[in-house]
Amino acid sequence: MNRVGAWLQNYGVVVAFVLLLLIAAIFKGETFLTAVNIRNIVNQNAAVGIIAVGMTLVIMTSGIDLSVGSALALAAAVGIKLLNSQIDSGANQATAVALALAAILATGTAIGALNGVLITFGRVAPFIATLGGLVAFRSLTKVVAEGGQITAKGDVFDGLGHLGIPIPGTQMPNGQPVEVTWGIVLFAVVALAIGFLVRRTAFGRHVVAVGANERAAVYSGINPRAVRLRVYTLMGLCVGLAAIVQGMRFNSVASQQTGVFYELYAIAAVVIGGTRLSGGKGRVWGTVVGVMILAVITNLLILMNVPSEWQDFVQGVIILIAVLIQRGQSDRT
């Protein structure tokens, strides 16, 4: 492979993202390039982004997690249910919110650990174990929400989802500065942390080794079961963080709608970002770019008044193209 081909293989996703931004700027620059719209693009996809970052680790071990959307809904429902019960019992909102956030994180992490146990010790294939979770956790969400929607009481939880860090020199129609929401901040922190974990720690090297060649990893003294259990537990933690972002953004959980198709969007972003579905290679920064590519495409289609049905079709085509390109690259390496 020549230098240009190797460079495109490594950074082609960045080129695609830049070209997409240019197209958006040319056709819808007056609305697309505003600070409010750009903030909204990132904010609306922060939860999916956090899940996609965790999914990168899972796929690097040659695994998959189809339960993340349902798990997000369940974790958020449990947290908001606890929040409301605490407020009803007379607790102050700060205490109620703190307990709710802890419950959301604990639920998400426990779900991830359960998936990890089923896969590593139960020897259930990741696809089957997490497919079962997709159905089971959605059902439990409906039980918690009594088949409907749970709305958080008080104004602290909702306020956290809409406040953030003001961007100097920007202004919204109401005269207030555009703010980088805490959801966006959390997305950035998770991406940086997992990126550091993959590139700079022994655990990251073990993840790569297990995904690339499990038998060779065992001969090197690595315990694949322990690695996978930690990876799925981390995936659960990411789900919990995403549930916090999603729950605060909408201030509610719809038992049948919240988190639907998030597993597909996350997997698509990981594949577009250059992580191999066969495992052994992954790029967190590529996943972040993949999330933003899907987000910008959706935003551009909305600005162009394309019907929602066609938006899903376009995203599906992009996913298929990304997989075909990845397969072609694998055949050449």
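Look above for the structure.
Anyway, here's the lowdown on the structure attached to this text. (Residues numbered from 1 in each chain as written. Predicted model: local features only at pLDDT ≥ 70, side-chain atom pairs only at ≥ 80, totals over all residues. Heavy atoms only, no water.)

With that out of the way, let us pick up empty space enclosed by the protein. Scanning the entire structure with this criterion turns up 2 cavities of 30 Å³ or more. The volume enclosed by the largest cavity comes to roughly 50 Å³. Taken together, N43, L160, G161, T181, G183, V245, M248 and R249 make up the lining of the largest cavity. Counting only elements with at least two residues in the lining of the largest cavity, the list comes to helix 7 (156-162) and helix 11 (224-250). Of the volumes computed, that of the second largest cavity is approximately 30 Å³. Around the second largest cavity, the lining residues are D65, S67, V68, A71, G108, I111, G112, N115, M235, G236 and V239. Breaking the lining of the second largest cavity down by element, the ones donating at least two residues are helix 4 (68-88), helix 5 (93-120) and helix 11. No other element matches helix 5, which puts 4 residues into the lining of the second largest cavity. (1 Å grid on protein atoms, 1.4 Å probe; cavity = no way out; pocket = protein on both sides within 12 Å on 5 of 7 lines; lining within 4 Å. Points joined across faces, edges and corners; volume = space filled by probe spheres on them. Helix = DSSP H or I, 4+ residues; strand = E, 2+ residues; numbered from the N terminus.)

Moving on: the pattern of salt bridges. Under the defined criterion, the tally for this structure stands at 3 salt bridges. One salt bridge in this structure joins K81 and E146, with 4.0 Å as the shortest N-O distance. Remark: E146 occurs in the loop between helix 6 (126-144) and strand 1 (149-151) and K81 occurs in helix 4; sequence separation between them is 65 residues. Judged by its relative accessible area of 68%, E146 is exposed. Between K153 and D88 there is a salt bridge, with the nearest N and O atoms lying 2.8 Å from each other. In this pair, K153 is assigned in the loop between strand 1 and helix 7 and D88 in helix 4, connecting sequence segments 65 residues apart. On the basis of relative accessibility, which here comes to 36%, the residue K153 falls in the partly exposed class. By relative accessible area, D88 is classed as exposed at 53%. (Salt bridge = Lys/Arg side-chain N within 4 Å of Asp/Glu carboxyl O. Buried < 20%, exposed > 50% of the residue type's maximum accessible area, 1.4 Å probe, protein only.)

Before going further, it helps to spend a moment on the packing of helix 8 (residues 182-200) against helix 11. Remark: helix 8 packs on helix 11, axes separated minimally by 10 Å, with the N-to-C direction vectors making an angle of 165°. Comparing the axis directions of helix 8 and helix 11 gives the class roughly antiparallel. As for the relative orientation of helix 8 and helix 11, their crossing is left-handed in sense. Every residue of helix 11 that contacts helix 8 at G183, L186, V190 and L197 is listed here: L234, C238, L241 and V245. Along the lines of polarity and charge, the residues of the contact of helix 8 with helix 11 split into 7 nonpolar, 1 polar and no charged. (Axes fitted to C-alpha atoms, helices over the stretch in contact; angles between N-to-C directions. Parallel < 35°, antiparallel > 145°, perpendicular 65-115°, else oblique. Left-handed = near helix turned anticlockwise from the far one by under 90°. Contact = heavy atoms within 4.5 Å. Nonpolar A, V, L, I, M, F, W, Y, C, P; charged D, E, K, R; others polar.)

The analysis is restricted to geometry; functional conclusions fall outside its scope.
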